[in-house]
Amino acid sequence: MSEPVIITQLTPGDLPLMRSLNTLFSEAFDDPESYAAEPPSDGYLQAQLGKQHVIVLTASIGDTIAGGLVAYELDKLEQARSEVYIYDLAVAESFRRHGVATALIRRLQEIAAERGAWVVYVQADYGDEPAIGLYSKLGVREEVMHFDIPVPSTAPNR
């Protein structure tokens, strides 16, 4: 790949890039229903991109979005520090194995350091060997269990 990978941190003015990133996520995660059924409004996306704790990065090669990530900075209470959680990370199939994901994570590490965070962390699914290989190269693996606890649809104050 001769063109450089350009990493951009999205702001509220970057709606077209955010929508392109959601399209990439839909394809990479093979989940068009989640991304197309009820796409968020421009106002909603702008509000999310304007939040300090929401970090959205895209990786572009030329005029093409090759990958991106969404991360959240979480303030901690046991010490005056934060940690950054990578929630979504994907690279378009044609750009995989070219350092795009590593470039995204390296930029996120810089942002985390600028904010005084003490760690960046991410989950991987069993059997997702490319992701496990990438994350093993960059960090220390922990064995944890993940639980999804449903929220009742009739919850008060919603």
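Residues numbered from 1 in each chain as written. Predicted model: local features only at pLDDT ≥ 70, side-chain atom pairs only at ≥ 80, totals over all residues. Heavy atoms only, no water.

1. A closer look at the packing of helix α1 (residues 15-28) against helix α3 (residues 42-49)
At a minimum axis separation of 10 Å, α1 and α3 run at an interaxial angle of 95 degrees. Classified by the interaxial angle, the pair formed by α1 and α3 is roughly perpendicular. For the pair α1 and α3, contact is made by L15, M18 and R19 and by D42, L45, Q46 and L49, respectively. Taken together, the residues of the contact of α1 with α3 sort by class into 4 nonpolar, 1 polar and 2 charged. (Axes fitted to C-alpha atoms, helices over the stretch in contact; angles between N-to-C directions. Helix = DSSP H or I, 4+ residues; strand = E, 2+ residues; numbered from the N terminus. Parallel < 35°, antiparallel > 145°, perpendicular 65-115°, else oblique. Contact = heavy atoms within 4.5 Å. Nonpolar A, V, L, I, M, F, W, Y, C, P; charged D, E, K, R; others polar.)

2. Overview of the side chain of S26
In this fold, S26 is placed in helix α1. For S26, a relative accessible area of 12% corresponds to the buried category. (Buried < 20%, exposed > 50% of the residue type's maximum accessible area, 1.4 Å probe, protein only.)

3. Let's talk about the side chain of E73
As for its position among the elements, E73 is in strand β3 (residues 64-75). Looking at E73, its side chain comes within polar contact range of the side chain of S82, at 2.7 Å. Those residues in contact with E73 that lie beyond four places of it in its chain are H53, S82, E83, V84 and R115. (Polar contact = N/O pair within 3.5 Å; in protein donor to acceptor, adjacent residues only side chain to side chain.)

4. Side note on the packing of aromatic side chains
A ring pair, where both rings are aromatic, is described by two values, the distance of the centres and the angle of the planes. In total, this model carries 5 aromatic pairs according to the counting rule given. Taking 5.4 Å as the distance between ring centres and 15 degrees as the angle between the ring planes, the aromatic pair formed by F25 and F29 counts as stacked. The class for F25 is buried, based on a relative accessible area of 1%. Ring geometry for Y72 and Y87: centres 6.0 Å apart, planes at 70 degrees, overall edge-to-face. In this pair, Y72 sits in strand β3 while Y87 sits in strand β4 (residues 82-91), placing the two residues 15 residues apart along the sequence. Grouped by ring-pair contacts, the aromatic residues Y72, Y85, Y87 and Y121 constitute a single cluster. Over the ring of W118 we find R81, and its NZ or CZ is 3.9 Å from the ring centre. (Phe/Tyr/Trp six-rings, centres within 6.5 Å; stacked < 30°, edge-to-face > 60°. Lys NZ or Arg CZ within 6 Å of the ring centre and 35° of its normal.)

5. Thoughts on the pattern of salt bridges
What the rule picks out here adds up to 6 salt bridges. A salt bridge links R81 to E78; the shortest N-O distance between them is 3.5 Å. Residue classification places R81 among the partly exposed positions, given a relative accessible area of 23%. Across the pair E110 and R107 runs a salt bridge, and its minimum N-O distance is 3.0 Å. Of the two residues, E110 and R107 both sit in helix α4 (residues 100-115), 3 residues apart, roughly one turn of that helix. On the accessibility criterion, R107 (23% relative accessible area) is partly exposed. Within this structure, R107, E110 and E114 form a network of salt bridges that share partners. (Salt bridge = Lys/Arg side-chain N within 4 Å of Asp/Glu carboxyl O.)

6. A short note on α1
Here α1 contains 14 residues, and its C-alpha end-to-end distance of 20 Å stays within 8% of the 20 Å for a straight helix at 1.5 Å per residue. Taken together, the buried positions of α1 are L15, M18, L21, N22, L24, F25 and S26. As for α1, its buried residues are in contact with α2 (32-36), α3, β2 (54-61), β3 and β4. (Expected span 1.5 Å × (residues − 1).)

7. Things to note about the nonpolar core
Core analysis: the biggest nonpolar cluster contains 35 residues, and V56, L89, V100 and L108 have the highest contact counts within it. Counting only elements with at least two residues in this core, the list comes to α1, α3, β2, β3, β4 and α4. The element that contributes the greatest number of residues to this core is α4, accounting for 7 residues. (Core = buried A, V, L, I, M, F, W, Y, C linked by side-chain atoms within 4.5 Å.)

8. Considerations on the confidence of the model for the protein
Per-residue pLDDT for the protein averages 89, and the proportion of residues at 70 or more is 89%. Highest mean pLDDT in the protein belongs to α3 (98); lowest belongs to helix α5 (residues 129-138) (69). (pLDDT = per-residue confidence, 0-100.)

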